[in-house]
Amino acid sequence: MLFARDKSQMCNNLLQYAHVYAWGREHGRTTIAMRFSYKYKFFKISRTRLASFPLYLFAKYMSALRLLPTASFKHSDCDHAALERKMLRHRNIVVSGWFVRYYDLFLKYRHEICDLFTIDPRYTDPVRERMRSIDGADISTVRLGVHIRRGDYAVWKGGMYCYDDERYAAFIRRFAAMFAGKSVHVYLSTNDGSVSAERYHELSGGVKVHLLGGSPAEDLFMLSECDYLIGPPSTFSLVAAMYRNIPLCRMDMADATTLSMDDFRLFDYWFRRIV
């Protein structure tokens, strides 16, 4: 049994577990997502048989007492081949660390991964209905999801990805210009309580902007219901793109003044380029 462990944020946990799951699936091994046994309970995986708090505690303390071996992918330059041999050698083992990577296997089992991380209808149904009531969801509507990441991004990597409102609005304006004749609706997801849909409406030249102000589960689903996504490097928007392979524009790799459809890439491109 593979006990997947990490201590990072929600979508980092999701992607790290998914790599472990894909490897386990390929090698006929059962995988337990320790983090999702007690946290982020709105995903389907948290309601599966093996997502139990007692199993989480068992793996946590057995590992701490060194009675359960650990394969630690903590560093980018770790010996992946040696760690994989260790995983094959032990029937029960904890797999930890952000740098566990099995990209091809991830894509092979992507549909299963997306199914495991289906969000509970209690969160998704109200969001879906609200979006439909706003934009009608007809063929003339283009939904753009914009992930405005502030908070921790003010200090992460020296704040280089903590963009101001004007920069986000410039991307929105350029995107709307690409869809002249269409009804463009922009849905904002943010961890910054000062963000205002009205301000973005003004800054973007009158584009229809909406801030639903949902929980992380609701915002993740909201972004996954959009046709296109724009945001800084973040696993949150990356996971949102994963569900339906939504074209994503990563702002550090594009210029708002020359934005084009070439700047929107699919999940299998971006998830190999996580910052």
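See the structure printed just above.
(A) Fine view of the packing of helix 1 (residues 10–26) against helix 10 (residues 235–244). Where helix 1 contacts helix 10, the two axes come as close as 8 Å, and the packing angle between them is 55°. In terms of their interaxial angle, helix 1 and helix 10 are classed as oblique. In this structure, helix 1 crosses over helix 10, and the sense of that crossing is left-handed. On helix 10, the residues touching Met10, Cys11, Asn12, Leu14 and Leu15 of helix 1 are Thr235, Phe236, Leu238, Val239, Met242 and Tyr243. Classifying every residue of the contact of helix 1 with helix 10 gives nine nonpolar, two polar and no charged.

(B) Helix 10, seen in detail. When you tally the buried positions in helix 10, you get eight out of ten residues, the bulk of the element. Restricting attention to buried positions, one finds in helix 10 the residues Thr235, Phe236, Ser237, Leu238, Val239, Ala240, Ala241 and Met242. For helix 10, the capping residue at the N-terminal end is Ser234, with a side-chain oxygen 3.1 Å from the backbone nitrogen of Phe236.

(C) Quick look at the sheet that holds strand 3 (residues 70–72). Taken in spatial order, the four strands of this open sheet run 2-1-4-3, and their pairing is parallel. Among the strands making up the open sheet, the edge pair consists of strand 2 (31–33) and strand 3. Pairs of neighbouring strands in the sheet enclose a mean axial angle of 25°, with direction left out of account. With three bridges joining them, strand 1 (residues 2–5) and strand 2 adopt parallel strand pairing. Bridge pairing in strand 2 places Leu2 opposite Thr31. Helix-sheet contacts for helix 3 (residues 80–89) involve strand 3 and strand 4 (93–96), and the interaxial angle to strand 3 is about 160°.

Criteria and thresholds
- Residues numbered from 1 in each chain as written.
- Predicted model: local features only at pLDDT ≥ 70, side-chain atom pairs only at ≥ 80, totals over all residues.
- Heavy atoms only, no water.
- Axes fitted to C-alpha atoms, helices over the stretch in contact; angles between N-to-C directions.
- Helix = DSSP H or I, 4+ residues; strand = E, 2+ residues; numbered from the N terminus.
- Parallel < 35°, antiparallel > 145°, perpendicular 65-115°, else oblique.
- Left-handed = near helix turned anticlockwise from the far one by under 90°.
- Contact = heavy atoms within 4.5 Å.
- Nonpolar A, V, L, I, M, F, W, Y, C, P; charged D, E, K, R; others polar.
- Buried < 20%, exposed > 50% of the residue type's maximum accessible area, 1.4 Å probe, protein only.
- Polar contact = N/O pair within 3.5 Å; in protein donor to acceptor, adjacent residues only side chain to side chain.
- Pairing = 2+ DSSP bridges.

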